[in-house]
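Coordinate inspection notes
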Amino acid sequence: MKILKFFVIYFLLVVFALLYLQPVLYMVSLSFKSFADVIDPTTRWIPNYPTLGNIEYAVGQMAIMPMFLAARSTWDNLMTSTLFVSLLTTIPPALVQIVTCAVAGYAFGRCTFPFKRTMLVMLVLTYVVPPQTIFIPLAWLNSQMGFLNSPMAFVAPALFGHGLNGGLFVIIYMQFFRKIPKELEEAALIDGANPFSVFAKIIFPLAKPAMVVVFLFSLVWHWNETFLTGIFYTRIATLSTQITRVNIPPQEQLQTMLPTVMASALLFVAPVLVVYVFAQRFFTESIERTGVVE
């Protein structure tokens, strides 16, 4: 009976894994197919004539590699790379939100102050209200601050405990800090520690599971962002906004260009997949310990 139960469980796991992985495997397979493989109905998964031409075409169209010109500075040359701009738009805000959202989450979760509930409601509204409704004042504000065409458009809000979906990250920290016994803080205060040292040396180091969740969520959401980057970046571009540059021909010619379209999608999701492969175990453990469900 145990053997049958074991077989059924792993059979279902394999089936669901294949269902989820099939689109990814299809994308990888099609990215390396030549024109002869595309029009050959007998070629299914493994290309008979594999080629890197689709990847090379997508890399050129998406401007992944920087264009170095002697007349420009090194920074300006690097900013011509959509990959470099995407990394600047993704990693710094995610790292900043780990700290600043933790400070705000600690205040909401452990401290008492006037209008706390009102401010908590306003915090929830920051990620309930879609950015499409406030993009005009956002664009004007960043223009006045000189943050257009700069990663500071995403880093600056993160410095104040907000940024992209910052309200949700504050709530994640708030729920985690509420579970920490108050005796730890009381013992530290009796020993002469001030509230800032209590947070920095005791409370914040205990929030490693929440840090992993916040960092990975922020990383993925910033990487996938297209609407705000399309508004804040008028002279530079990210990978997420450059996928459309891979020319998609009319419907009757779509089959011949489909490998290049898939190649561009593969180049876009590959960094996220690599991060997930290495961080999957930590992410799963952190989700379980923080009680967050995506």
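This write-up is about the structure you can find in this document. (Residues numbered from 1 in each chain as written. Predicted model: local features only at pLDDT ≥ 70, side-chain atom pairs only at ≥ 80, totals over all residues. Heavy atoms only, no water.)

1. Comments concerning the overall build of the protein chain
Scanning the protein chain for helices and strands turns up 15 helices and 0 strands. The C-alpha extent of the protein chain, read off along each of the three principal axes, is 75 × 70 × 35 Å. Per-residue burial over the protein chain gives 37% buried out of 294 residues. Here the contacts in the protein chain between residues at least 6 apart in sequence split such that 70% fall between residues at least 24 apart. (Helix = DSSP H or I, 4+ residues; strand = E, 2+ residues; numbered from the N terminus. Buried < 20%, exposed > 50% of the residue type's maximum accessible area, 1.4 Å probe, protein only. Contact = heavy atoms within 4.5 Å.)

2. Concerning the side chain of T100
Tracing the chain through its elements places T100 in helix α5 (residues 82-110). Setting aside residues no more than four positions away along its own chain, T100 makes contact with A158, L159 and G161.

3. Points about the packing of α5 against helix α11 (residues 195-203)
Running from amino to carboxyl end, α5 crosses α11 at an angle of 115°, the nearest separation of the two axes being 12 Å. With respect to each other, α5 and α11 are oriented roughly perpendicular. Where α5 crosses over α11, the two elements pack in a sense that is right-handed. Seen from α5, the contacting residues are A102, V103 and Y106; seen from α11, they are V198, F199 and I203. Of the residues belonging to the contact of α5 with α11, the class tally is 6 nonpolar, no polar and no charged. (Axes fitted to C-alpha atoms, helices over the stretch in contact; angles between N-to-C directions. Parallel < 35°, antiparallel > 145°, perpendicular 65-115°, else oblique. Left-handed = near helix turned anticlockwise from the far one by under 90°. Nonpolar A, V, L, I, M, F, W, Y, C, P; charged D, E, K, R; others polar.)

4. Observations concerning the packing of aromatic side chains
For the coordinates displayed, the defined rule picks out 17 aromatic pairs. Here F199 and F204 contribute two aromatic rings whose centre-to-centre distance is 5.6 Å and whose plane-to-plane angle is 35°, an arrangement assigned as tilted. Across the pair, exposure class does not vary: F199 and F204 are buried alike. Aromatic ring contacts, followed pair by pair, group Y106, Y173, F176, F177, F199 and F204 into a single cluster. (Phe/Tyr/Trp six-rings, centres within 6.5 Å; stacked < 30°, edge-to-face > 60°.)

5. Some details on helix α9 (residues 166-178)
Note that an α-helix has 3.6 residues per turn; residues three or four places apart therefore point the same way. For α9, with 13 residues, the first-to-last C-alpha span of 18 Å sits near the 18 Å given by 1.5 Å per residue. Where burial is concerned, most of α9 is hidden: 10 out of the 13 residues are buried. (Expected span 1.5 Å × (residues − 1).)

6. Considering the pattern of salt bridges
A pair can form between side chains of opposite charge whenever their charged atoms are brought close. Per the counting criterion, the structure on display carries 1 salt bridge. A salt bridge links E185 to R110; the nearest nitrogen and oxygen atoms lie 2.4 Å apart. Of the two residues, E185 sits in helix α10 (residues 182-190) while R110 sits in helix α5, which places them 75 residues apart along the sequence. R110 carries the same exposure label as E185, and that label is buried. (Salt bridge = Lys/Arg side-chain N within 4 Å of Asp/Glu carboxyl O.)

Remember that the coordinates give geometry; whether it matters functionally is a separate question.
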